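Fold and contact review
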Amino acid sequence: MIFRSTGLGKTELAGKVSDLQRQGDYLVMFVDITDPVKWRVRAAFNFRDLATIVGKMAKAAVISFVFSPKQWRNKEPKHPGDF
């Protein structure tokens, strides 16, 4: 997983989702950033946010991406370019 932030300019961060926990009315996703720094980033989202995420995931482009046989066999994905 790669991340970009407008606050970090062109810096690109590499990391992975390490955990997802419920805390009260929120789900907290923990992401361990591994390069170029070692950070633990947290994102808390509520039910309404989750409904938005599920709705965005239901788009045809996302569904075709998930079920593409190419994605299941691809060991090293190509960089998405400037995102």
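Owing to the predicted nature of the structure, the values given are computational and were not obtained by experimental measurement. (Residues numbered from 1 in each chain as written. Predicted model: local features only at pLDDT ≥ 70, side-chain atom pairs only at ≥ 80, totals over all residues. Heavy atoms only, no water.)

Okay, the sheet that holds strand β4 (residues 39–45) next. Strand order in this open sheet of four strands is β1-β2-β3-β4, and the pairing throughout is antiparallel. Two strands close off the open sheet at either side, each with one partner strand: β1 (2–4) and β4. Across the sheet, the axes of successive neighbouring strands diverge by a mean angle of 45°, strand direction being ignored. Bridge count for strand β3 (residues 26–35) against β4 is seven bridges, and the pairing is antiparallel. Note that in β4 the partner of M29 across the bridge is A43. (Pairing = 2+ DSSP bridges. Helix = DSSP H or I, 4+ residues; strand = E, 2+ residues; numbered from the N terminus. Axes fitted to C-alpha atoms, helices over the stretch in contact; angles between N-to-C directions.)

So, on to unusual backbone geometry. In this structure, the amide linkage connecting D35 to the following residue, P36, adopts the cis form with an omega of 5°. Looking at the element boundaries, P36 is found in the loop between β3 and β4.

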